[in-house]
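Observations on chain architecture
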Amino acid sequence: MSRRPSRQHQSLLIEVMAALGAGQVYEHFIPNATHFVHGECHHTNGKVVINPIPATINTLLHELLHRIRPTWSECYVRNRS
């Protein structure tokens, strides 16, 4: 049984959707010498930058596991990637 989101969570979701609708969301590689940065929010101008690399690498690994182990179930692959 799933729980209904609280009014507080519903309100926050509406605010997040409005912020997305306001635009200024970009996709761009974010260089960092030690780890992948998933995204940045520039508080001075509200610009949000999303780095596609971490999700791309995770998805690629997942799909390559399907290719080399076609008998593995989706759940099994998901737990390994």
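Structural data are supplied above this passage.
The structure contained in this document is the topic of the report that follows. (Residues numbered from 1 in each chain as written. Predicted model: local features only at pLDDT ≥ 70, side-chain atom pairs only at ≥ 80, totals over all residues. Heavy atoms only, no water.)

Before going further, it helps to spend a moment on the sheet that holds strand S1 (residues 25–27). Read across the open sheet, the three strands follow the order S1-S3-S2; overall the sheet is mixed. In the strand order of this sheet, the two ends are held by S1 and strand S2 (39–42), each with one partner. Direction aside, the axes of adjacent strands within the sheet are offset by 20° on average. The pairing of S2 with strand S3 (residues 47–50) spans four bridges and is classified as antiparallel. Bridge assignment links Glu40 to a residue of S3, and that residue is Val49. (Pairing = 2+ DSSP bridges. Helix = DSSP H or I, 4+ residues; strand = E, 2+ residues; numbered from the N terminus. Axes fitted to C-alpha atoms, helices over the stretch in contact; angles between N-to-C directions.)

The subject of this paragraph is a nonpolar patch on the surface. Where nonpolar side chains cluster on the molecular surface, the patch consists of Leu12, Leu13, Val16 and Met17 and spans about 400 Å² of accessible area. Tracing the sequence through the fold places Met17 in helix H1 (residues 7–21). The class of Met17 is exposed, set by a relative accessible area of 51%. (Patch = residues over 30% accessible without salt bridge, like charges linked within 9 Å, V, L, I, M, F, W, Y side chains within 5 Å. Areas by Shrake-Rupley, 256 points an atom, 1.4 Å probe, with all protein chains shown as cover. Salt bridge = Lys/Arg side-chain N within 4 Å of Asp/Glu carboxyl O. Buried < 20%, exposed > 50% of the residue type's maximum accessible area, 1.4 Å probe, protein only.)

Attention now goes to the pairing of S3. Here S1 pairs with S3 via three bridges, running parallel. Paired with Tyr26 across the two strands is Val49, which belongs to S3. A loop of four residues connects S2 with S3, the two strands running antiparallel in sequence, and Gly46 in this loop sits at a positive phi of about 80°.

Enumeration according to the criterion identifies one salt bridge in this entry. Between Glu74 and Arg78 there is a salt bridge, with the nearest N and O atoms lying 3.4 Å from each other. Within this pair, Glu74 and its partner Arg78 are both found in helix H3 (residues 74–80), separated by four residues, close to a single helical turn. Residue Glu74 is classed as partly exposed on the basis of its relative accessible area of 35%. On the basis of relative accessibility, which here comes to 52%, the residue Arg78 falls in the exposed class.

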